[in-house]
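Examining the three-dimensional arrangement
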Amino acid sequence: QQQVKQSPQSLIVQKGGISIINCAYENTAFDYFPWYQQFPGKGPALLIAIRPDVSEKKEGRFTISFNKSAKQFSLHIMDSQPGDSATYFCAATHASGGSYIPTFGRGTSLIVHP
Amino acid sequence: DAGITQSPRHKVTETGTPVTLRCHQTENHRYMYWYRQDPGHGLRLIHYSYGVKDTDKGEVSDGYSVSRSKTEDFLLTLESATSSQTSVYFCALRDTDGDTQYFGPGTRLTVL
């Protein structure tokens, strides 16, 4: 059972374009939604995260949009750069329930062409 | 990087041999996790620990065991390695003050 569905599996954009990765979840108890960035040969690292009390969070060129009613959240990368080429994972956790076990999406491989 | 190291970083072994991977942390975090990463499957939880000698199974625990005899070390053991366990293994720990996971650099395991 895949509780967090991530799409697309792969994405190719041109330098300067907008990259958009989407995730949908099923468990309405989830209350923490992080995005992780992973470069080849490295472990994933937190990029940006949001809690459901806000609909958008922006950090530099990276923005999370959150739609609680649709149970969807997305990562937008503005002015995409070749250095953004990486694999991106969304995740969801029921942190307030004491779970501390994140559910990960299957990842999106992003390639930004120069 | 939250002071996480994994050893070995690369290992090639043969089917049927036991293998132990080590995760070491320097910051006294309570929660530690073992994941495997495979193309098309993302990150899948194998086992996790919520304290010394306190561990629980994840979604893909069959064929794996863990031990945590002290806070800083979390060991993953493949009792009898199989080719299906060829993967990249990541250790992670939970941020003490929040819900973020910090990942180690990974161990690439090949079972021939």
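Our structure is the block above this text.
Scope of this entry: the structure provided in the associated data block.

This part is about a nonpolar patch on the surface. Residue and element names in this part refer to chain A. Taken together, the side chains of I18, I20 and M78 make up a nonpolar region of the molecular surface, amounting to roughly 240 Å² of accessible area. Summarising the element assignment, I20 is placed in strand β3 (residues 19-25). The exposure class assigned to I20 is partly exposed, which follows from its relative accessible area of 37%.

It is worth spelling out unusual backbone geometry at this point. Across the junction of S7(A) and P8(A), the peptide omega takes the value -5°, indicating a cis bond. Of note, P8(A) is situated in the loop between β1 (4-7) and β2 (10-14). The linkage connecting S7(B) with the following residue, P8(B), adopts the cis geometry, with an omega of -10°. The topology assignment puts P8(B) in the loop between β1 (4-7) and β2 (10-13). The phi dihedral of D79(A) falls on the positive side, at around 45°, and the residue is not glycine. Looking at the element boundaries, D79(A) is found in the loop between β8 (72-77) and β9 (86-92).

Here the focus is the pattern of salt bridges. According to the stated counting rule, one finds six salt bridges over all chains in the structure shown. Among the charged side chains, a salt-bridge network with shared partners connects R22(B), K70(B) and D73(B).

Parameters and conventions
- Residues numbered from 1 in each chain as written.
- Chains lettered and ligands numbered in written order.
- Predicted model: local features only at pLDDT ≥ 70, side-chain atom pairs only at ≥ 80, totals over all residues.
- Heavy atoms only, no water.
- Patch = residues over 30% accessible without salt bridge, like charges linked within 9 Å, V, L, I, M, F, W, Y side chains within 5 Å.
- Areas by Shrake-Rupley, 256 points an atom, 1.4 Å probe, with all protein chains shown as cover.
- Salt bridge = Lys/Arg side-chain N within 4 Å of Asp/Glu carboxyl O.
- Helix = DSSP H or I, 4+ residues; strand = E, 2+ residues; numbered from the N terminus.
- Buried < 20%, exposed > 50% of the residue type's maximum accessible area, 1.4 Å probe, protein only.

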